[in-house]
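Structure assessment
Below, each chain spelled out in residue letters.
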Amino acid sequence: MSTKADSKSAKNWFARASAFKVEYLFSQKRQPGPPRTIYVNENVPEQYFGHKGKPKPEFVYTSNQVITSKYTVITFIPRNLLEQFRRIANLFFLAISILQFFHKFSTISIGVVILPLIIILGITAIKDGYEDVKRHESDKRINHSTVKVLAGGEWKNTNIMKGKSKTFVRGLTRPLRRKPLDKPPLGGAHDNGDSDAEIDDSLNEKRNGVRPHWQRILWEDLKVGDFVKIMDNEPIPADIMLCATSEDDDVAFVETKNLDGETNLKSRHGVAALAHLRDAISCSTSDNSFQINCDRPDVDMYRLQANVVANGESSPVDLSVTLLRGTVLRNTRWAIGVVMFTGLDTKIVMNSGGTPSKRSKVERQMNPQVTFLTRFILSIANLLILAAMATACAIADSLLEVKYFPMDAPWLYGEGAGDDNPRVNGLITWVFSLLTFQTIVPISLYVSIEFVRTCQAAFIYFDGDIYYEKTGQATICRSWNLSDDLGQIEYIFSDKTGTLTQNSMVFRQCSVGGRAYRGDEDMEDEEISTEDLASKTKPRSSSVIDIAPVEVNVDLWAAQQSSGFNVAHGQPQLASQDPIKAAKKVEETRVRFRDASLTQDIEDSVSADPDSDNASHSRLLNGFFTVLALCHTVVTSVDTVTGDIQYKSQSPDEAALVQAAADVGFVFCGRDKETLSIRTPSSAPDVEKYELLNILEFTSARKRMSVVLRKLGGDDGRLFMLTKGADNIIFQRLKDNQQELKDATEVHLNEFANSGLRTLTLAYKVISESEYFDWNKRYHEASLSLDDREEKVEAVCSDLEQDLRLLGATAIEDRLQDGVPEAIADLKRAGIRIWVATGDKLETAIAIGRSTNLIAPESNIIIIRGGTEGRTVFQQMMFAIDKFFPDNSGDLPLPSTSSHDPNIPLQRIQTGTSIVGAGNGERPGGFVLVVDGAALLDAFEEEESKNMLLRLATMCEGVICCRVSPLQKALVVRLVKDGLGVMTLAIGDGANDVSMIQAADVGVGISGEEGLQAVNSSDYAIGQASMSLLHALILDLTFLLQFRFLKKLILVHGHWSYARNGTMILNFFYKNAVPVGVLWWFQIYDGWSGNYSLDYIYILFWNSIWTIAPVIGIGLFDRILDSHILMAVPELYHFGRRGTWFGMKSFFVYLLDGVYQSLVVFFIILYAYHPSPTARSDGYGVYLQEFSTTMAVAAVMIANIYTGFSATAWNAWVFFAVFIGIVVVWLFTIIYSVLTPGYSVTNLYGSYYILFTSAYFWLCIPITFFLSLAPRFIARAWKFGYTPDDLDTMRYLSKYEPNHDFTHDVHISHLKGLRRPASAASQRASSRLQLNESVPSLSQSRRASRMSVDLRAASRTDLATGMVSRDHGFDFAQEEGGVAMRRMQSNLSERRASRQQMNTPRPSSKGKETLSHMFSLRRGLRKKKSTKQPTE
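Attention in this report is confined to the structure presented alongside it. In this text the structure is predicted, and so the values were computed from the model without any measurement.

Definitions and limits used
Residues numbered from 1 in each chain as written. Predicted model: local features only at pLDDT ≥ 70, side-chain atom pairs only at ≥ 80, totals over all residues. Heavy atoms only, no water. Helix = DSSP H or I, 4+ residues; strand = E, 2+ residues; numbered from the N terminus. Buried < 20%, exposed > 50% of the residue type's maximum accessible area, 1.4 Å probe, protein only. Contact = heavy atoms within 4.5 Å. Areas by Shrake-Rupley, 256 points an atom, 1.4 Å probe, with all protein chains shown as cover. Patch = residues over 30% accessible without salt bridge, like charges linked within 9 Å, V, L, I, M, F, W, Y side chains within 5 Å. Salt bridge = Lys/Arg side-chain N within 4 Å of Asp/Glu carboxyl O. Lys, Arg positive; Asp, Glu negative; His and termini not counted. Charge placed at Lys NZ, Arg CZ, Asp CG, Glu CD. Pairing = 2+ DSSP bridges. Axes fitted to C-alpha atoms, helices over the stretch in contact; angles between N-to-C directions. Phe/Tyr/Trp six-rings, centres within 6.5 Å; stacked < 30°, edge-to-face > 60°. Lys NZ or Arg CZ within 6 Å of the ring centre and 35° of its normal. Parallel < 35°, antiparallel > 145°, perpendicular 65-115°, else oblique. Left-handed = near helix turned anticlockwise from the far one by under 90°. Nonpolar A, V, L, I, M, F, W, Y, C, P; charged D, E, K, R; others polar. Expected span 1.5 Å × (residues − 1). Core = buried A, V, L, I, M, F, W, Y, C linked by side-chain atoms within 4.5 Å.

1. Here we look at the overall build of the protein
For the protein, the helix and strand inventory stands at 50 helices and 41 strands. The buried share of the protein, taken over its 1432 residues, is 59%. Within the protein, contacts between residues at least 6 apart in sequence are counted, and of these 77% link residues at least 24 apart. About 58,700 Å² of surface is accessible on the protein, with carbon and sulfur atoms providing 56% of the total.

2. A look at a negative patch on the surface
Taken together, Asp 787, Asp 788, Glu 790 and Glu 791 make up a surface patch of like negative charges. Note on placement: Glu 790 falls in helix H25 (residues 789-800). Judged by its relative accessible area of 67%, Glu 790 is exposed.

3. Some words on the sheet that holds strand E21 (residues 515-517)
The strands making up a sheet are joined through hydrogen bonds of the backbone, oriented either antiparallel or parallel. In spatial order, the strands read E21-E20-E32-E31-E30-E29-E28-E27-E26; together these nine strands make up an open sheet with antiparallel pairing. Edge positions in the open sheet fall to E21 and strand E26 (667-672), since each of these has one partner strand only. Sheet twist, expressed as the mean angle between neighbouring strand axes with direction ignored, is 30°. Across the sheet, helix H24 (residues 769-783) lies against strand E28 (688-696), strand E29 (704-712), strand E30 (719-725) and strand E31 (758-767), angled at about 40° from E28, the strand it touches most. Across the sheet, helix H27 (residues 842-851) lies against strand E20 (501-512), E31 and strand E32 (805-816), angled at about 65° from E32, the strand it touches most.

4. Digging into the packing of aromatic side chains
Think of a pair of aromatic rings as described by two things: how far the centres are apart, and how the planes are tilted against each other in angle. Applying the stated criterion across every chain yields a total of 50 aromatic pairs. Aromatic side chains Trp 1080 and Trp 1088 sit 5.2 Å apart centroid to centroid with 65° between the ring planes, which places their arrangement in the edge-to-face category. Overall, Trp 1080 belongs to the buried group, its relative accessible area being 18%. Taken together, the ring pairs connect Trp 1081, Tyr 1085, Phe 1162, Phe 1163 and Tyr 1167 into an aromatic cluster. Between the NZ or CZ atom of Arg 871 and the centre of the ring of Phe 879, over which it lies, the distance is 5.1 Å. Cation over ring: Arg 1272 sits above Tyr 1150, and NZ or CZ is 5.0 Å from the ring centre.

5. Here we look at the pairing of E31
Across the ten residues that make up E31, a large majority, ten, are buried. Neither face of E31 is open: one carries Arg 758, Leu 760, Leu 762, Tyr 764 and Val 766, the other Thr 759, Thr 761, Ala 763, Lys 765 and Ile 767, and all of them are buried. Pairing between E30 and E31: seven bridges, direction antiparallel. Considered in E31, the bridge of Lys 724 is made with Leu 762.

6. Brief notes about the sheet that holds strand E13 (residues 313-317)
In space, the four strands of this open sheet follow the order E1-E11-E12-E13, with antiparallel pairing throughout. If you trace the sheet from one side to the other, it starts and ends with strand E1 (36-40) and E13, each paired once. Strand-to-strand twist across the sheet, computed as the mean angle between neighbouring axes with direction ignored, equals 20°. Sheet topology note: the E1/strand E11 (residues 290-294) ladder contains five bridges and is antiparallel.

7. Here we look at the packing of helix H14 (residues 444-461) against helix H35 (residues 1045-1083)
The contact between H14 and H35 brings their axes to 11 Å, and the two run at 160°. Classified by the angle their axes make, H14 and H35 are roughly antiparallel. Judged by the twist between their axes, the crossing of H14 over H35 is right-handed. For the pair H14 and H35, the contacting residues are Ser 444, Leu 445, Ser 448, Ile 449, Val 452, Arg 453, Gln 456, Phe 459 and Ile 460 in the first and Leu 1049, His 1053, Ser 1057, Arg 1060, Asn 1061, Met 1064, Ile 1065, Phe 1068 and Phe 1069 in the second. Here the residues of the contact of H14 with H35 sort into ten nonpolar, six polar and two charged.

8. Here we look at the environment of Asp 938
Position of Asp 938 among the secondary structure elements: in helix H29 (residues 933-939). Overall, Asp 938 belongs to the partly exposed group, its relative accessible area being 31%.

9. Notes on the pairing of E28
Within E28, eight of the nine residues are buried, leaving the element largely enclosed by the surrounding structure. In terms of strand pairing, strand E27 (residues 675-679) meets E28 through four bridges, oriented antiparallel. For Ser 677, the partnering residue across the bridge sits in E28 and is Lys 689. Pairing of E28 with E29, which is carried by seven bridges, proceeds in the antiparallel orientation. Across the sheet, the residue bridging to Ile 695 is Val 707, located in E29.

10. So, helix H23 (residues 739-754)
For H23, with 16 residues, the first-to-last C-alpha span of 22 Å sits near the 22 Å given by 1.5 Å per residue. After H23 finishes, the residue Gly 756 shows a positive phi value of roughly 80°.

11. Some thoughts on the nonpolar core
Counting 105 residues, the largest nonpolar core has Phe 437, Tyr 1098, Leu 1132, Ile 1165 and Met 1191 as the members making the most contacts within it. Considering every element that reaches this core, the biggest residue donor is H35, with 18 residues. Core analysis: the second largest hydrophobic core is formed by 48 residues, Val 627, Leu 630, Cys 631 and Cys 669 among them.

12. Concerning H25
An ideal rise of 1.5 Å per residue puts 16 Å on twelve residues; H25 measures up with 17 Å between its terminal C-alpha atoms. Elements in contact with the buried residues of H25: E28, E29, E30, E31 and H24.

13. Describing the packing of helix H30 (residues 943-955) against helix H31 (residues 966-980)
Between H30 and H31, whose axes approach to 11 Å, the crossing angle comes to 85°. Comparing their axes, H31 and H30 come out roughly perpendicular. Note on element contacts: H31 touches H30 through Leu 975, Val 976, Gly 979 and Leu 980, opposite Lys 946, Leu 949, Leu 950 and Thr 954. For the contact of H30 with H31, the per-class residue count stands at five nonpolar, two polar and one charged.

Rendered as structure tokens:
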């Protein structure tokens, strides 16, 4: 029992030692700060201070300074030394150097002994310091951003803050005195809103000599309790409680994609009790004092608990009144708030970890701090061999001395002293042997690796293929020691927003009345060049909005009355003063939808005869685009720079839809309270007006949005309901006579979905006045209900949303980065598993999965959701494995009885048209797992659930995690990294990706719209920004987000670096085994004394001169294959994933080669010289240095040529590196042996004559050379000729067919190593041609005139409900229950309440309920008197 306990204790100790990290000593995990009370315009209580007047620690808040760097001036030397001495070789050579400080063990001068170690430590420290300086510079760009804070007057912030940290760069370049950013105003003219010091118009007095004003300060100087004024399009510097804004009802809109990945805007509102704090003077007066009581900082991104006490009344504070750090203020001229949490206490920073000290996998394999036994043995193999050799010499020497000392052996004279006797000398010999054989542990290996990796980082930087020419930015390596890890990646974790996509929605196609409009072939984005910048940002004199194909004159009535434009403030401040922001406004509407056939059909509809055959389709066209122009929550404003109407929306989908309607002539002109106005081709130049009666808002459960409108200005004033939503939801609610149109639309929906487009289905309904009166009454009562309000409102809404008439469907592209689908397809071919982790909702994540080829058209989607009634997450995963992977479910635990819920059986259920036939799980595309954040939260609670999740995920070809927090992203990475022990890479561009990037083995940051936080924390930065104002403008317009660069970074640079470094390290161990072997065999003939057989000068310069060039040449210039082949055949990457270039087997093969060659060198030369009494013409005996110098020269030649054999590309640089050491050793031997004792006493004086005139010398060199290299040469020839691998085959093709087309060679897939394992669904081997055909580019698939659609392909199984359906690509993003929507619903509710006083409905008009009563055709037709009503 005790033995088991001791074993368990030892394992726990080893696990703790293995998990130890150096950063734990310098950056202990910080606990969240305490609950706090923030005092505004009043002093903090006396109990905040101790008896000595010092603030108590729990009441001191952290500064707003955020540091991602590792070192400071104080910690740089100790932390860097600790990191470097994690390398066991450095520790070994430190011990060896200390030993030689003792005179008895000294070989050369002390300075020379310690110099190599100092040089290695110094070079590495300089490299690490340079990397960290770059991190500090990036931190400075963030911390030195500016924000407006309240200053002057009576204002004083009494809350206590910690001081800022003195960073590495700040400590070195600390200025004596910082110049103020601006001067406080003492009076005078009103300052500009964008200036550093802003004075409100209402301020006409001075307070304490300085007027209250808004003054710009650095982010890092921001304090808890400060009033801040955020301007439009400015990022939020801390977690801020919102007081007041420039908009109605103090509403502000924020962009949260940096936090949750969602591109739709979120609405926030100010605290009602503080709404009067709208200028500097009201904020600064002591009459407006209040307190904010906050709970302790929390990592939960979706929860905040606080309250504000003002004038004795308490108001709640939650996320709806909070602006979080990392978000950006949008569509709001200004917002005023109070800082609650700063720096490390903000939610986004708490979800990020400290900068880790990463080491490459190869380096970890060379050290003992890993778990696996094989790697442990490999890491200390050289030391074990060295210790064994020294111990053998010590024992043998001691035994020999004990044996021969009693015989009075002459060489043991005087060794009878107490400190010099045969038994003590065994220990002395052991130490001497360590010094003799120390070369087997190559200290020069580490400095060589650092040099090679630095050069490899430079190769990446100067690679023109991953250089973004539009902005002049290169890919930058921020961590130089991880280049070879890029060649061993097995899992990639990617963010979606900004990494795979461009954060831009573009209307691409639509289906109207069963007819598809796919856009013109030449429809391209209108890029804004630098030369056009000035003209684009100059105001235009006319108020004309150019919208193809109809040019419409716009009066500004509706736009000026819109909530997005405030007439009282005149021109918007943004457009008139900031050309960058103005240019961004131009960019927002630069993509226009054009389709020649649609243009013709709309023109025909304007002049169509109501009795013609084309009249029905004309009405559908008018209805379709009128629904797009009216069914939304978009607001408008007028850009005074361009004169255009701008659409501002919380949802980018809605903005794209409204813009598309405007592109074809259906222009939404704005809203005046509840009145909507549009201009259509048939009404121009007049404006049609509609009264908004109800908004049935979009939710993830409803999957639809409807508006109820009354057309104004007509004779009948009919009521209409316009609806847009998911196809299966809309199809269930259609009238019975819609089957033909529904079938045609469904075919188009399949085409759109297979092209990776986001779809939305449109419908409408005409409502009679009496029906609406009764329904509105029930809706009003349901909205006032205190019990089950949401359920009752949904039931009433569902009653109205029946018997709809189908209009068509839209297809929107969430624009991808250039080359993303192709890059993902090739990375999948390389055998790399790609997981997407995003904060977006489930539908958006699936749509992006399709457009990026992560989800193929024939893939089966398995959905695991948490937070739902019915099956638990564990049960869902268990059933998924049991049903879809029965071959792997043998050891699954039996399900509990509660899992057999009869209400949600795992079977296909009838859901309108979404039913699929038998065969789910047998689709040829395999499986893709989609899991949401709630499910991950449940799965990570227990170890069993984590293991089940990992097991299910590894069976699927891809995984998409949606609705995940930044911390959950990191947990997913660690689950795979630690659970499978594989190499992981994470790529992202925002602050929400920092923790994921830091958790992965390799982190890649993309500098884009979401800021530089991801870049600051990454190991590789793609498109890092460091540019002038003009370049920053271009950056914003072109979206510097190049995911496609990852393909070459991994497949070429990663593969090259790993192959080069692995081969270089193995050759280092090999070439050091050769001289050590020669020294070891000499001990047999030297009484195991530990003496040198070779002159010490050859040992001293072995690793620094004689043999260093070839291994460095391989590390820099060797190529396993040319880059174009590695790019064309990604399957070759499996050699890197399998660890081909460095491992246990390779290590011992190279080591045995070295041992064999040392045998050949030593014994052939020894017995060539010694059987003969003399090798010289003068008759003198053979001298030790005579044959040992022959051994040294032969060993150098063999080691260098052998290293050259390891190279696969003998270019000029490799040739030079291989032979330079051979030339130098020959020249050195000649010159060194010529030196007379008058210059320097050497053991080789005169050897040049003895050696070069000896036949033994000239005979031994070629014999040992060829015998040593023969086995490796024969083995390589046999392998290449009879058992070639895929690399050999590719090299043969590239050599003898240099123009061979590897990209389209269908025979490539038949190579043994390139055959992909069969998927669990199909169990087939896909040929390369089939793969290429299944991965068309997005543009090609978008342009296809008609695709053959398999109606049984691509099933979608929701295990939370048991629903199996076809996926038609539905996706729509809109804030649910947001502040802006509640404001609109509140205004409509007041109108409804006033209408309830009416006892009778308006009389219903006669006639059929058709589109002709709603959507006008041409004006001339409206004037005609027709005795015949239009038909449906």
